[in-house]
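Residue strings, one per chain:
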Amino acid sequence: MKKKTTIVTLISMVAIAAVVCCFAFLSGKTRQTGADPAMNAVQKVLSRDMQNDYPSTVKEVAKYYTEIQRCLYNEEYTEEELAQLCSRTRELYDQELLQINSEEHHLSQLSSEVEAFRTRKCQVVSISVAQSTNVDYFEEDGYSFARILCRYTIREDGEPGESQIIFLMRKDKDRHWKIYGWDQAGNVNPL
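A brief report on the enclosed structure follows. Here the structure is a predicted model, which means the values were calculated and not measured. (Residues numbered from 1 in each chain as written. Predicted model: local features only at pLDDT ≥ 70, side-chain atom pairs only at ≥ 80, totals over all residues. Heavy atoms only, no water.)

### A word on the pattern of salt bridges
Okay, step 1: Throughout the structure, instances matching the rule amount to eight salt bridges.
Okay, step 2: A salt bridge links Glu91 to Arg88; the nearest nitrogen and oxygen atoms lie 3.1 Å apart. Note that Glu91 and Arg88 are positioned in helix 4 (residues 79–91) at a spacing of three residues, about one turn of the helix.
Okay, step 3: One salt-bridge network, held together by shared partners, links Asp94, Glu96 and Arg170. (Salt bridge = Lys/Arg side-chain N within 4 Å of Asp/Glu carboxyl O. Helix = DSSP H or I, 4+ residues; strand = E, 2+ residues; numbered from the N terminus.)

If you want it as structure tokens, here you go:
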């Protein structure tokens, strides 16, 4: 009888030790996952999988584009991340816009614009994209187009200002809305 009790006790202790080891392993793994540094704004924008998660509406395209712009003009990043942000904006552009604006020229121009923006001590305070119900859809030359208004609040040397941009988008062959162009709201017929 004493031998059976010893065996049962030994098996129970091994089982308890196994449960404690499993718990310790799993709890350590959770702590390691939680200890990962949070992604910054630039990394979050760049982490989007454009192949499988392309913005599905005009508003979502405009919203994602403005998130990229906010990163470009407000955040700190490396030269490599600048190139990646530029490339990401190009993924949102229509083929015609890409054809008239080479990647090298776009990156150079973007770098200059960001530098000038920072030299003037500007900051993008907020960006608001019009509601989906305020998108102007129309057909022209066999293409589907849409226009949407975005408001930018920018602070320059502590003074607030606002800029209103109307984005023109065209649906491509994959049925994705792509940015065809943009202009100041005052230069475009009202929506």
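### Describing the environment of Leu107
Okay, step 1: Relative to the helices and strands, Leu107 is located in helix 6 (residues 103–119).
Okay, step 2: Given a relative accessible area of 28%, Leu107 falls into the partly exposed group.
Okay, step 3: Residues Leu107 and Leu85, 22 residues apart in the sequence, show an inter-C-alpha distance of 9.3 Å.
Okay, step 4: Not counting residues up to four positions away in its chain, the partners in contact with Leu107 are Leu82, Ala83 and Cys86. (Buried < 20%, exposed > 50% of the residue type's maximum accessible area, 1.4 Å probe, protein only. Contact = heavy atoms within 4.5 Å.)

### Examining the packing of aromatic side chains
Okay, step 1: Evaluation of the coordinates by the stated rule reveals 10 aromatic pairs.
Okay, step 2: Ring plane angle 10 degrees and centroid distance 5.5 Å describe the contact between Phe138 and Phe145, whose orientation is recorded as stacked.
Okay, step 3: The class for Phe138 is partly exposed, based on a relative accessible area of 25%.
Okay, step 4: Plain terms: the ring middles of Tyr143 and Phe145 are 6.4 Å apart, the flat faces sit at 70 degrees to each other, and that makes the pair edge-to-face.
Okay, step 5: Its relative accessible area of 7% is what places Phe145 among the buried residues.
Okay, step 6: Members of the aromatic cluster, connected to one another through ring pairs, are Tyr65, Tyr93, Phe167 and Trp182.
Okay, step 7: The positively charged end of Arg48 is found above the aromatic ring belonging to Tyr64, 4.8 Å away from the centroid.
Okay, step 8: Looking at Arg170, its charged tip hangs above the ring of Tyr143, at a distance of 4.1 Å from the centre. (Phe/Tyr/Trp six-rings, centres within 6.5 Å; stacked < 30°, edge-to-face > 60°. Lys NZ or Arg CZ within 6 Å of the ring centre and 35° of its normal.)

### What to know about the packing of helix 4 against helix 6
Helix-helix packing: each pair is described by the crossing angle between the helix axes and the interaxial distance.
Okay, step 1: Look at helix 4 against helix 6: their axes get within 10 Å of each other, and the N-to-C directions meet at 120 degrees. Taken together, the axis directions place helix 4 and helix 6 in an arrangement best described as oblique. Between helix 4 and helix 6 lies a crossing of right-handed hand. Residue-level contacts link Leu82, Ala83, Cys86, Ser87, Thr89 and Arg90 of helix 4 to Glu103, His106, Leu107, Leu110 and Ser111 of helix 6.
Okay, step 2: In the contact of helix 4 with helix 6, the residues fall into five nonpolar, four polar and two charged. (Axes fitted to C-alpha atoms, helices over the stretch in contact; angles between N-to-C directions. Parallel < 35°, antiparallel > 145°, perpendicular 65-115°, else oblique. Left-handed = near helix turned anticlockwise from the far one by under 90°. Nonpolar A, V, L, I, M, F, W, Y, C, P; charged D, E, K, R; others polar.)

### Considerations on the pairing of strand 5 (residues 177–184)
Within a regular beta strand, the side chains point alternately toward one face of the sheet and then the other, so they alternate between its two faces.
Okay, step 1: Bridge count between strand 4 (residues 159–171) and strand 5: seven bridges; the pairing is antiparallel. When the bridges of strand 5 are listed, Leu168 appears paired with Gly181.
Okay, step 2: The loop that links strand 4 with its antiparallel partner strand 5 comprises five residues; one of these, Arg175, has a positive phi angle of about 70 degrees. (Pairing = 2+ DSSP bridges.)

### Digging into the layout of surface pockets
Okay, step 1: Its boundaries defined by the atoms lining it, the largest pocket holds a volume of some 690 Å³.
Okay, step 2: Contributing to the lining of the largest pocket are 27 residues, with Tyr65, Gln69, Tyr73, Glu113 and Trp182 lying nearest its centre.
Okay, step 3: The biggest single contributor to the lining of the largest pocket is helix 6, with six residues.
Okay, step 4: Each residue belonging to the lining of the largest pocket can be placed in one class, and the counts come to 15 nonpolar, seven polar and five charged.
Okay, step 5: Considering only enclosed or pocket space, the second largest pocket measures out at about 320 Å³ in volume.
Okay, step 6: Breaking the lining of the second largest pocket down by element, the ones donating at least two residues are helix 4 and helix 5 (95–99). (1 Å grid on protein atoms, 1.4 Å probe; cavity = no way out; pocket = protein on both sides within 12 Å on 5 of 7 lines; lining within 4 Å. Points joined across faces, edges and corners; volume = space filled by probe spheres on them.)

Just geometry here; none of it tells us what the structure is for.
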